[in-house]
Amino acid sequence: MRNKINIAVLVSGGGTNLQALIDARDTVITSGVIKLVVSNNRTAYALKRAEAAGIKSVCITKAEFGGAAGMEAELVRVLVAEKIDLIVLAGFMSILSAGFTKRFEKRIINIHPSLIPSFCGEGYYGLRVHEAALKKGVKVTGATVHFVNEIPDGGEIIMQKAVRVLDGDTPETLQKRVMRLAEWKILPESVEKVSAGILKQEQQR
Ligand code: GRF
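Computed from a prediction, not measured in an experiment: that's the story for all the values here. (Residues numbered from 1 in each chain as written. Predicted model: local features only at pLDDT ≥ 70, side-chain atom pairs only at ≥ 80, totals over all residues. Heavy atoms only, no water.)

J.: So what's going on with helix H5 (residues 127-136)? Residues and values would help.
T.: Every buried residue belonging to H5 is among Val129, His130, Ala132 and Ala133, and all of these are buried. Summarising the axial view, the buried residues of H5 lie within an arc of 155°, below the 170-degree limit, and thus occupy one face. One or two positions beyond H5, positive phi appears at glycine 137, with a value near 85°. (Buried < 20%, exposed > 50% of the residue type's maximum accessible area, 1.4 Å probe, protein only. Helix = DSSP H or I, 4+ residues; strand = E, 2+ residues; numbered from the N terminus. Arc of directions from axis to C-beta.)

The following block contains the structure:
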């Protein structure tokens with residue numbers, strides 16, 4: 001009986017959430033191993049973080065695989081070849097098809113920088129989320145980790161953490177605080193929770 005599942009982290013950009021996962025290896029995350037990092041962007045700094053941590057990485061771009069469908073087909077091929085059990089979207093800026101989310105049902109999780117159901121769904125990504133929160137004047141925002149289904153930001157919620165909005169916040173200052181106080185904490189914790197759940201399911205079989 002194995003004691004760790006295989007995790008793939010999908011990224012597109014800076015990869016601070018990937019870094020939080022790397023830093024949580026063997027401390028918070030004990031039920032899984034980060035086996036693979038996949039980027040859909042060749043210049044993502046996240047790829048450098050993977051390399052520095054000794055984690056295998058691959059780049060799968062729409063341009064190189066003839067569009068979204070080709071990219072997804074290659075993604076599935078790689079995930080299956082690497083025997084991946086859990087897919088973590090950590091700033092992955094590409095919407096996955098309903099077919100893909102169905103194939104990996106309850107095996108894909110995403111981090112979103114607001115308290116879902118506020119400021120989420122299509123068009124709410126990156127700084128736009130924080131701009132919308134400031135425009136609305138909310139006093140509390142935060143981050144959510146959720147399972148991914150065919151509805152953008154619509155799957156079952158796994159963990160949330162609230163963060164105060166402060167007077168004078170800009171989208172940039174708010175984004176940084178939400179990352180530091182919420183995202184980098186609940187993403188590793190959620191990965192552990194889901195990984196432990198998958199192991200438990202296997203042991204009961
Ligand atoms: C984070 O704000 C995350 O919530 C969102 O995309 C951003 C990724 O940042 N889904 P990073 O690449 O992890 O630094």
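After that view, the rundown keeps rolling.
J.: How would you explain the pairing of strand S2 (residues 32-39) if you had to name every residue and give the values?
T.: Of all eight residues in S2, six are buried, a share of seventy percent or more. Relative to S2, strand S1 (residues 5-11) runs parallel, the two sharing seven bridges. Opposite valine 11, over in S2, you have serine 39 as the bridge partner. Once you follow S1 into helix H1 (residues 16-23) and on to S2, the crossover reads as right-handed. Strand direction decides the pairing type here: S2 and strand S3 (residues 56-59), joined by four bridges, are parallel. Along S3, the bridge assignment pairs valine 38 with valine 58. (Pairing = 2+ DSSP bridges. Right-handed = clockwise from strand over helix to strand, strands pointing away.)

Interpretation note: all reported values are geometric properties and have no functional meaning in isolation.
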